[in-house]
Amino acid sequence: MIQSACSAPARIGCGMSTEPTHMITRRSFFAGLAGAGAAAGGAFAQAASPRAIEPRPRIKLGIASYSYWHFRTEKVPIERVIDRAARLGVEGVDILHRQMDIPEKEPLTAAHRAYLQRLKRHAFRNGIDLICLSIHQDFVDPDPAYRRQQIEHTHKCIEIAYELGVPCIRLNSGRWNTIPDFDELMKARGIEPVLPGHAEDDGFRWCMDSIAQCLPQAERCGVMLALENHWGLTRDPNGLLRILEKMDSPWLGALMDTGNFLENPYDKLARIAPRTVFVQAKTYPGGGEWYTLDLDYRRIARILSDAGYTGYVSLEMEGKEDPETAVPKSIEVLRKAFA
């Protein structure tokens, strides 16, 4: 029986207990419960404490607007790509500059800036981050005036990224253009001769000097320059790393395109992974526009994880299948690989 404190008779004693030995008071009952609870809690804590599981950083997925437009049809509006990304539950959209509804080469006007702000608002209302601006420029040319134009174009693109709140832009090194037609260049596996009268070192010097003139603007705007393993000087890891290691700027990193190393891709991807700040992941449903690679994305995910990469992976669906079916399938491939 539990005796209530308010029902116990009042007694005066000299330290002697006034409670019968066979009775349990409320105080002693709850004290016993507390002691038992502490013992059980200690045992539980001891059992649960050996190793806390530290969560791995989560890779976020994006969709490149290029996935919906491969230059061969009418442009697909960026707003539609944002809508599709929201429907598929990915976090970001990587914008192809040439796909935007503003002229590529003209200076920014008030109307152009208003368009950028509408895009930013549309992305925000759909819960989508704008994560990269993929631009076209070419720093491999002997004409200083031409390179100056390319530098100024890059400055404008940095400003566009800043207006949109985009944290990085995709840069190309540029190429020799001794095979002008891109379809023919793809038939040659992206390899073209050096411009007559010049050496490969000239191209690297022009490229690095041009990037150096873009870095102050990038830093002022808080926009990373992500140099892609693309055709030209950065077709192989040696060329890409030569530029990145020589310049060694916190505002310049590698953009890993998983589909641009046509031979022995995994070793090459592993070499550039430590410098990678953004990833574009190629898929080829229905066969590629220019070629098809069978890429193991679980293996690529391990390469990036081993290098400590924790940024975005943006889908570039380059297959001939309708994007309305090919993009969702490709996103599922990436989700499983990077889960």
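The structure under discussion appears in the preceding block.
Rules and cut-offs
Within each chain, residues carry numbers counting from 1 in the order of the written sequence. Where totals are concerned, whole chains, interfaces and linings use all residues; where local detail is concerned, this predicted model gives features only for residues with pLDDT of at least 70, and gives and counts side-chain atom pairs only at 80 or more. Remark: hydrogens and water are excluded; side-chain values derive from all non-hydrogen atoms of the structure. Note on pairing: DSSP must find at least two bridges between two strands before they are called paired. What counts as a helix is a DSSP run of H or I of at least four residues, what counts as a strand is a run of E of at least two, and both are numbered from the N terminus. Only the stretch in contact is used when fitting a helix axis, every axis being a line fitted to C-alpha atoms; angles between N-to-C directions are given from 0 to 180 degrees. Should any heavy atoms of two residues lie within 4.5 Å, those residues are counted as being in contact. Remark: nonpolar core denotes a set of buried residues (Ala, Val, Leu, Ile, Met, Phe, Trp, Tyr, Cys) joined through side-chain atoms within 4.5 Å. Each residue gets one of three labels from its accessible area relative to the maximum for its type: buried under 20%, exposed over 50%, partly exposed in between, using a 1.4 Å probe on protein chains only. By convention, orient the strands away from the viewer: a clockwise path from the first strand over the helix to the second makes the crossover right-handed. A helix is expected to span 1.5 Å multiplied by its residue count minus one. Ring geometry is summarised as follows: Phe, Tyr and Trp rings, the Trp one being its six-membered ring, pair when their centres sit within 6.5 Å, and such pairs are stacked at plane angles under 30 degrees, edge-to-face over 60 and tilted between the two. We call a charge positioned above a ring when the Lys NZ or Arg CZ atom is no farther than 6 Å from the ring centre and deviates by at most 35 degrees from the ring normal.

## Considerations on the sheet that holds strand β3 (residues 60-64)
Stage number 1. Around the barrel, 8 strands lie side by side as β3-β4-β5-β6-β7-β8-β9-β10; this closed barrel has parallel pairing. Pairs of neighbouring strands in the sheet enclose a mean axial angle of 30°, with direction left out of account.
Stage number 2. As defined by bridge partners, strand β4 (residues 92-96) adjoins strand β5 (residues 129-134) across 5 bridges and the pair is classed as parallel. Looking across to β5, one finds that G92 is bridged to D129.
Stage number 3. Together, β3, β4 and β5 form the strand contacts of helix α2 (residues 78-88), whose direction differs from that of β4 by roughly 155°.

## Concerning the nonpolar core
Stage number 1. One finds M100, L133, I211 and L225 to be the most contacted residues of the largest nonpolar core, which totals 91 residues.
Stage number 2. Not counting residues within four places of it along the chain, the set of residues in contact with M100 comprises K75, I78, I95, Y115, L116, L119, L133, I160 and L164.
Stage number 3. Residues C168, M224, F278 and Y312 belong to the second largest nonpolar core, which totals 8 residues.

## Observations concerning the pairing of strand β8 (residues 252-257)
Stage number 1. Most of β8 is tucked away: 6 of the 6 residues are buried.
Stage number 2. Two strands pair when backbone bridges link them, and strand β7 (residues 224-228) and β8 are joined in this way by 4 bridges, in the parallel orientation. Bridge pairing links L227 to A254 in β8.
Stage number 3. One crossover worth recording links β7 to the parallel β8 by way of helix α7 (residues 237-247), and it is right-handed.
Stage number 4. Bridge analysis of β8 against strand β9 (residues 276-283) gives 4 bridges, and the strand direction is parallel. Note that in β9 the partner of D257 across the bridge is Q280.

## Things to note about helix α4 (residues 144-164)
Stage number 1. Here α4 spans 30 Å end to end across 21 residues, near enough to the 30 Å set by a 1.5 Å rise per residue.
Stage number 2. Considering only its buried residues, α4 is in contact with β4, α3 (110-125), β5, β6 (168-171), α6 (200-221) and β7.
Stage number 3. Backbone geometry just downstream of α4 places G165 in the positive-phi region, at approximately 75°.

## Some details on the pairing of β5
Stage number 1. The buried count for β5 comes to 5 of 6 residues, which makes it a mostly enclosed element.
Stage number 2. Handedness of the β-α-β unit built from β4, α3 and β5 comes out right-handed.
Stage number 3. Both β5 and β6 contribute to a ladder of 2 bridges, which runs parallel. Counterpart to S134 in the pairing with β6 is R170.
Stage number 4. You can see the chain leave β5, run along α4 and come back into β6, and the turn it takes is right-handed.

## So, the packing of aromatic side chains
Stage number 1. One pass over the structure, following the stated rule, counts 6 aromatic pairs.
Stage number 2. Judged by centre distance (5.9 Å) and plane angle (65°), the rings of W176 and W206 are edge-to-face. Of the two residues, W176 sits in the loop between β6 and α5 (182-187) while W206 sits in helix α6, which places them 30 residues apart along the sequence.
Stage number 3. Residues W231 and Y291 carry aromatic rings whose centres are separated by 6.5 Å and whose planes lie at 90° to one another, so their mutual orientation is edge-to-face. You can see W231 sitting in the loop between β7 and α7 and its partner Y291 sitting in the loop between β9 and α9 (297-306), a full 60 residues away along the chain.
Stage number 4. Residue classification places Y291 among the buried residues on the basis of a relative accessible area of 10%.
Stage number 5. Over the face of the ring belonging to F204 we find R242, whose NZ or CZ atom lies 4.0 Å from the ring centre.

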